[in-house]
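Architecture at a glance
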Amino acid sequence: MEQIGVILLAGLTNGSVYGLVGLSISLIYGTNRVINFAQGEFVMLGVMSAILFMVTLHLPTWAAIGAILIVAILAALVLELGVYQPLMRRGAAPLTIMIGTLAAAIIASGIALLIWGPLQLAVPNVFSLQALNLGPLVTNAQQLAIIGVFAGLLLVTWYLMYRTPFGLCIRATGVNARVASLMGIRADRVVRFGFIFSALVSGIVGILIGPLLGGQVGMGVTLTVKGFMAAILGGLGSPFAAAAGGVMIAVVEALVAGYGSSLYAEPIIFSLILAMLFFRPYGLLGDFEAGRR
Amino acid sequence: MNNALHRDPFVVRTPSTTWRAILLCVLASMGSATWAGQPLKLCYVDDRSGVAADTGIQSFNGFQIAVSEVNDAGGINGQKVEVVAYDGKTDPELTATFASRCAEDDGALAIIGGNPAAPAAAMIPIASEYEIPYLMLSAGTDNLTDMPAPFHFRVGPRNSQDAAAIAELVAKQGFKRVALINNSLPFGTDSAHAAEAALKASGITVVIQQTYDINATDLSPQIGRLRSANPDVVIVFPYAADGARVLRTLQQQGMSVPRVVARSALLSTLRDLAGDASDGVLIPNTVDMQRADVKQFFDSYGARFGEAQPTMYPVLGYDAAKMVLKALAEPDVQKALAQDELADARVAIRDALVRNGNYQGLQGRAGATYQFSAERHHGPPDQNWFVFVAVTDKGKHLVAADLSTFKPGS
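Since the model is a prediction, treat every value here as computed from it, not as a measurement. Every chain is numbered on its own, with residues counted from 1 as its sequence reads. Think of it this way: whatever chain is written first is A, whatever ligand is written first is 1, and the rest follow in order. At least 70 in pLDDT is required for a residue's local features to be given in this predicted model, at least 80 for side-chain atom pairs to be given and counted, and no such filter applies to totals for whole chains, interfaces and linings, which use all residues.

1. Observations concerning the overall build of chain B
Only DSSP runs of H or I covering at least 4 residues are called helices, and only runs of E covering at least 2 are called strands; the numbering of each starts at the N terminus. The number of helices and strands found in chain B is 15 helices and twelve strands. For the C-alpha atoms alone, the extent of chain B along its principal axes is close to 95 × 50 × 40 Å. Burial is judged by counting other C-beta atoms within 10 Å of a residue's own C-beta: 20 or more means buried, 12 or fewer means exposed, and anything between counts as partly exposed, with every C-beta placed from the backbone. Relative to its full complement of 410 residues, chain B shows a buried share of 54%. Taking as baseline every contact in chain B between residues at least 6 positions apart, the subset at least 24 positions apart corresponds to 67%. Note on contacts: residues are paired as contacts if their backbone-placed C-beta atoms lie within 7 Å.

Structure representation (structure tokens):
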């Protein structure tokens, strides 16, 4: 019983990270039908900015967090105004824009290399890393914060999308931006909001995972892949399905690690995703997306 | 007829061909006339900005110290040594391209580099194709020197040698119940398999072996299983960042048994990230700070590049460079260089490396030497090579390990 508790807690912790990146990818996809391959770079910028503001500039923690979020917003605006909008104005297909985001990711990684160098760096922890006993389970405040922030951001996203008029605008733009514009919705601003909100979520992820994973300018790629896997498994069209996909992937990883070997986790997960796509091409929880077609 | 030739767009005009031939002859003669006075070029190709940048930068620094020593002493027979350096960024294709450039365009006499295994392996076929000596550094994958590759030499230890050294230490110190934990990358799995085999050969039981993904933020399932198995020592085969997570999770779960971590813990990254969770950890190293020459080298290193902990990485670059520089001074090599025969010079360097195979460098314990020969292109011997160091001061320093306290139950 204790063993399954440990596994589920580890799955939930790792799944919260994958889920938040998946949610971020889905948020942008939900407004403009483009998969942002630079999503992991937003997380990387969050991690590396934490080093800049907390270690190099010695800012107080809350000032540093504010500064990190401003960096995330600026990065989102650069991506939206520098890559997405110019390509859209030239009538580029979604696939071309995706490649544009991939190019932006590589450029961001290169600029980060010039600023922070190539080495893996230690990131200060916002919450304590000391052992914390939850009954028979042992964790720490930083890991619990990841789960708490995941739950909180899911709630905020749900409220925003389903309980506010602006959320209705987001969903309408995601279905058809041109029609939404004809209905008086400022679709371009909705898309901008999608970029900014997803970058903020990723920046927060960076603050949380930095102390656990360390910071390295090349870390964004892996996170993008995990987030993309989460979104595909759960359902790309819904941020909540993508988040659930992240948790599912991490729980399977933890189960395979706990009862077998992590060596086989990725082949098993990809087999599951493939098998699932045969039966549910829109993802396990992708009815939201499928129902709209 | 000539007019027809002039009009044909697919036929090069004769006057132009003549001028080009003259120009090429002039250039070639200029080249041969000045070659003897030109610097001797050595290429350094390694990861200096990717995930293994720590190792590449330190080895390159060691390499530069060796070259500077020779140049400051007037060069080799009056010829200065020039360094051509490329950053392969942990990318095998890019690294192979740079190695080709060294051999083909730069006219290098040898290539040195190769800490991360995949890009290091990518340079082996290039060395064979261009017949240029290639001295690989810490890339430890066992089979990299198994295939016939006459121009390829390995200066650092194999992963299985690290594993055997750890197994020997554990057996000598009286441990009976060993837990192994490794990441799922080839370095982790290969090393764990080698350690398991070596431990079994010493009659020691591996009570549990766990593998983990390097990107997992929570390693509790694996560490929980380790704890349940009640080992008296834990051996870890990680990369830098994930190794720190293993050590922190061991500490978090109250596992205070003795721990040995593979050579990745020599990198400050792992110890910085682990902090006090890394204190007391033992690490296999190939640098013996009791040796005066080693201590002197690290003093020079510190003066030029800033203080460095005594690890194998700077020494690998230094030793590899010294072996090649020694070969460059050999009469066969000098004769080939005087005759402007680059290919012959490379062959002569390869032969000299084999001939001087028992070179005593800075790696290994006092008296230990490399063991290169015509049949054996892997330098480090199995005995008298490893020295264990311990982590102290919240991961900041490495000191000689006190083995009297490294016992079961300590």
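2. Brief notes about the overall build of chain A
The helix and strand inventory of chain A stands at twelve helices and two strands. Taken over the C-alpha trace, chain A has a radius of gyration of 19 Å; the compact-globule value for 293 residues is 19 Å, and the two agree within 12%. Principal axes of the C-alpha set define a box for chain A whose edges measure 55 × 50 × 35 Å. Just to be clear, the radius of gyration here is over C-alpha atoms, and the globule rule we use is 2.2 Å times residues to the power 0.38.

3. Some thoughts on the packing of helix H10 (residues 239-259) of chain A against helix H11 (residues 265-279) of chain A
Residue and element names in this part refer to chain A. Axes here mean lines fitted to C-alpha atoms, for a helix over just the part in contact, with angles spanning 0 to 180 degrees between N-to-C directions. For the pair H10 and H11, interaxial distance at closest approach is 9 Å and the crossing angle is 140 degrees. Regarding the angle of H10 to H11, the classification is oblique. When you trace H10 past H11, the crossing you get is right-handed. Judged by residue contacts, Ile 249, Val 252, Glu 253, Val 256 and Ala 257 of H10 engage Ala 265, Ile 268, Ile 269 and Leu 272 from H11. Roughly parallel means an angle under 35 degrees; roughly antiparallel, over 145; roughly perpendicular, 65 to 115; everything else is oblique. Put simply, a crossing is left-handed when the front helix is turned counterclockwise from the back one by less than a right angle, and right-handed when it is turned clockwise.

4. Focus: the environment of Gln 3 of chain A
As for its placement among the helices and strands, Gln 3 of chain A is situated in helix H1 (residues 2-32). Distance in space between the C-alpha atoms of Gln 3 of chain A and Pro 136 of chain A is 9.4 Å, their sequence separation being 133 residues. With near-sequence residues (within four places) excluded, Gln 3 of chain A lies in contact with Gly 258 of chain A together with Gly 224 of chain B.

5. Considering the interface of chain A and chain B
Listed as interface residues are 33 residues of chain A and, on the opposing side, 30 residues of chain B. Breaking the side of chain A that touches chain B down by element, the ones donating at least two residues are H1, strand S2 (137-140), helix H8 (187-213) and H10 of chain A. When residues in the side of chain A that touches chain B are grouped by element, the largest group, eight residues, is from H1 of chain A. Class assignment of the residues belonging to the side of chain A that touches chain B gives a composition of 19 nonpolar, 13 polar and one charged. In the scheme used here, Gly and all other residues not listed as nonpolar or charged are polar, with Ala, Val, Leu, Ile, Met, Phe, Trp, Tyr, Cys and Pro taken as nonpolar and Asp, Glu, Lys and Arg as charged.

6. Some details on the sheet that holds strand S4 (residues 134-136) of chain B
Residues and elements named next belong to chain B. Any two strands between which DSSP finds at least two bridges are classified as paired. Spatially, the five strands line up as an open sheet ordered S2-S1-S3-S4-S5, and their pairing is parallel. A strand with exactly one partner marks an edge of an open sheet, and here the two such strands are strand S2 (81-87) and strand S5 (152-154). Across the sheet, the mean angle from the axis of one strand to that of its neighbour is 20 degrees, orientation sign disregarded. Here S4 pairs with S5 via three bridges, running parallel. Looking across to S5, one finds that Tyr 134 is bridged to His 152.

7. Re H8 of chain A
All names here are of chain A. Between the first and last residue of a helix there are one fewer steps than residues, each counted as 1.5 Å, and that sum is the expected span. With 27 residues, H8 extends 37 Å from end C-alpha to end C-alpha; this agrees with the ideal 39 Å at 1.5 Å per step. One axis is fitted to the seven residues ending at the residue and one to the seven starting there. The bend at that residue is the angle between these axes. The sharpest bend along H8 measures roughly 30 degrees and falls at Ile 207, with the proline Pro 211 sitting one to four residues further on. Most of H8 is tucked away: 23 of the 27 residues are buried. In the segment just after H8, Gly 214 is the residue with positive phi, at about 80 degrees.

8. Topic: the domain arrangement of chain B
Residue and element names in this part refer to chain B. Domain assignment breaks chain B into domain 1 (40-156 + 290-355) and domain 2 (160-285 + 387-405). Placing a centre on the C-alpha atoms of domain 1 and another on those of domain 2 gives a separation of 31 Å. Counting residues at the interface gives nine residues for domain 1 and 13 residues for domain 2. Along the lines of polarity and charge, the residues of the side of domain 1 that touches domain 2 split into three nonpolar, four polar and two charged. Domain start and stop positions are those given by an automatic or database domain assignment.

9. Notes on unusual backbone geometry
All names here are of chain B. At Lys 89, a residue that is not glycine, the phi angle is positive and equals roughly 55 degrees. Here Lys 89 falls in the buried class, since 21 other C-beta atoms lie within 10 Å of it. With phi around 60 degrees, Asp 340 is a residue other than glycine that occupies positive phi space. You can see Asp 340 is positioned in the loop between helix H14 (331-338) and helix H15 (342-355).

10. Here we look at the pairing of strand S10 (residues 282-285) of chain B
Residue and element names in this part refer to chain B. Here S10 shows two buried faces, one formed by Leu 282 and Pro 284 and the other by Ile 283 and Asn 285. Here S10 runs beside strand S11 (residues 387-392); their pairing, made up of four bridges, is antiparallel. Directly across from Pro 284, in S11, lies its bridge partner Phe 388.

11. A look at the nonpolar core
Residues and elements named next belong to chain B. Ranked by internal contacts, the top residues of the largest apolar core, which has 222 residues, are Ile 111, Val 324 and Ile 349. In terms of domain composition, this core takes at least three residues from each of domain 1 (40-156 + 290-355) and domain 2 (160-285 + 387-405). Those residues in contact with Ile 111 that sit more than four places away from it in its chain are Cys 43, Val 45, Ala 99, Cys 102, Met 123, Ala 127, Ile 132 and Tyr 134. Each nonpolar core consists of buried Ala, Val, Leu, Ile, Met, Phe, Trp, Tyr and Cys residues. Their C-beta atoms, within 7 Å, join them into a set.

12. Some thoughts on the pairing of strand S8 (residues 233-237) of chain B
Residues and elements named next belong to chain B. With five of five residues buried, S8 is to be regarded as a mostly interior element. Burial along S8 is two-sided: the residues Val 233, Ile 235 and Phe 237 and Val 234 and Val 236 are all buried. One ladder, built from five bridges, connects strand S6 (residues 177-183) with S8; its direction is parallel. Looking at the pairing, Leu 180 lines up with Ile 235 of S8. Pairing of S8 with strand S9 (residues 259-261), which is carried by three bridges, proceeds in the parallel orientation. Looking at S9, one finds that Ile 235 is bridged to Val 260.

13. Re the UniProt feature "transmembrane region" (unreviewed entry) in chain A
Residue and element names in this part refer to chain A. Under the present numbering, the feature "transmembrane region" (unreviewed entry) in UniProt falls on residues 6-30, 42-59, 65-83, 95-121, 141-161, 190-213, 228-251 and 263-283. For residues 95-121, helix accounts for 81% and strand for 0%, while the C-alpha atoms at its two ends are 34 Å apart. In residues 190-213, helix accounts for 100% and strand for 0%; the two terminal C-alpha atoms are 33 Å from one another. UniProt positions are given in the numbering used here, feature names are shortened, and annotations may be inferred rather than shown by experiment.

14. Observations concerning the confidence of the model for chain A
The predicted model of chain A has a mean per-residue pLDDT of 90, with 97% of residues at 70 or higher. A score between 0 and 100, pLDDT records how confident the predictor is in each residue. When mean pLDDT is taken per element in chain A, helix H3 (residues 61-89) of chain A scores highest with 96 and helix H12 (residues 287-292) of chain A scores lowest with 51.

15. What to know about the packing of helix H13 (residues 312-328) of chain B against H15 of chain B
Packed helix pairs are specified by the crossing angle of their axes together with the interaxial distance, meaning the distance between the axes. Residues and elements named next belong to chain B. At a minimum axis distance of 9 Å, the contact between H13 and H15 shows a crossing angle of 115 degrees. By the angle class used here, H13 and H15 are roughly perpendicular. For the pair H13 and H15, the sense of crossing is right-handed. The segment H13 lies against H15, with Met 323, Val 324, Ala 327 and Leu 328 engaging Ile 349, Ala 352 and Leu 353.

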